[in-house]
Amino acid sequence: MVNPIDTSKDIFERLKGGEPIRLNDPEYFKINEIVNRTLSLVSKLNQSGDIQIIRSTLRDIIGKPIDESTMIFPPFYTNFGRFIHLGKNVFINHACSFLDLGGITLEDHVLIGPQVKLVTENHPLDPTDRRALIGKPIVIKRNAWIGAGATILPGVTIGENAVVAAGAVVSKDVAANTVVGGIPAKFIKNIE
């Protein structure tokens, strides 16, 4: 059974709070406006070969300053962008995809390998409500490294100094100073 829409809070507050957002929400147009703008800016970012233009365009996408020490290699994909928070000395390699309606935070010194997917959005299992969006944040703590082709799912926190092996699918929090890998990702070893 689908609950009525609570419009006492802004759609973005409800989205960040993990409430289901449905297509018939009277404020859904606000999401679409940002998505349309973001898709245009992503196209501009991906056509540039100039690191300053790339950084400037990414700043326009996320709506916040980006430290000069942060580097991104295109292509880069995001559907929303406004809920991405980047620390200092962050490196994002080629062909990464950030679905950020639930919020993505990359703290200082995070390394993101090529073709990494950070997915903060999910849908209800109930087929009658499946088109609703449910956002849960992803937080990648200081100095963590996400290997090539890894996928981080909604609601996951990657601990400080942790390593996610290439190709892993992470559905649960990763402790600090550990290495995880596999599908689903499991503990491999501690980092000494």
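Anything mentioned here points back to the structure above.
**Student:** Can you tell me about the sheet that holds strand S18 (residues 186-190), naming the residues and giving the values?
**Tutor:** The strand order S1-S4-S7-S12-S15-S17-S18 describes an open sheet built from seven strands, whose pairing is mixed. On the outer flanks of this sheet lie strand S1 (71-72) and S18, each paired with one strand and no other. The sheet contact formed by strand S7 (residues 111-112) and strand S12 (residues 145-146) spans two bridges and is parallel. Note that in S12 the partner of Leu 111 across the bridge is Trp 145.

**Student:** Kindly report on the side chain of Asp 100, identifying the contributing residues and their values.
**Tutor:** Counting through the fold element by element, Asp 100 comes out in the loop between strand S5 (96-99) and strand S6 (104-106). Each residue touching Asp 100, except ones within four places of it in the same chain, is listed here: Thr 78, Asn 79, Phe 80, Gly 81, Arg 82, Phe 83, Ile 84, Thr 120 and Glu 121.

**Student:** Provide a residue-level description of the environment of Ala 185, including the pertinent values.
**Tutor:** Secondary-structure assignment places Ala 185 in the loop between strand S17 (178-181) and S18. The spacing of Ala 185 and Lys 172 is 13 residues in sequence and 8.0 Å in space, taken between C-alpha atoms. If sequence neighbours within four positions are ignored, Ala 185 has contacts with Ala 168, Val 169, Val 170 and Val 180.

**Student:** Give a detailed account of the pattern of salt bridges, specifying residues and quantitative values.
**Tutor:** According to the stated counting rule, one finds 10 salt bridges in the structure shown. We note a salt bridge from Arg 59 to Asp 60, for which the minimum N-O separation is 3.8 Å. Close ionic contact of Arg 142 with Asp 108 constitutes a salt bridge, the shortest N to O distance being 3.7 Å. Of this pair, Arg 142 sits in the loop between strand S11 (138-140) and S12 while Asp 108 sits in the loop between S6 and S7, placing them 34 residues apart in sequence. The structure contains a network of salt bridges with shared partners spanning Asp 10, Arg 14, Asp 25, Glu 27 and Lys 30.

Cut-off values and rules
- Residues numbered from 1 in each chain as written.
- Predicted model: local features only at pLDDT ≥ 70, side-chain atom pairs only at ≥ 80, totals over all residues.
- Heavy atoms only, no water.
- Pairing = 2+ DSSP bridges.
- Helix = DSSP H or I, 4+ residues; strand = E, 2+ residues; numbered from the N terminus.
- Contact = heavy atoms within 4.5 Å.
- Salt bridge = Lys/Arg side-chain N within 4 Å of Asp/Glu carboxyl O.

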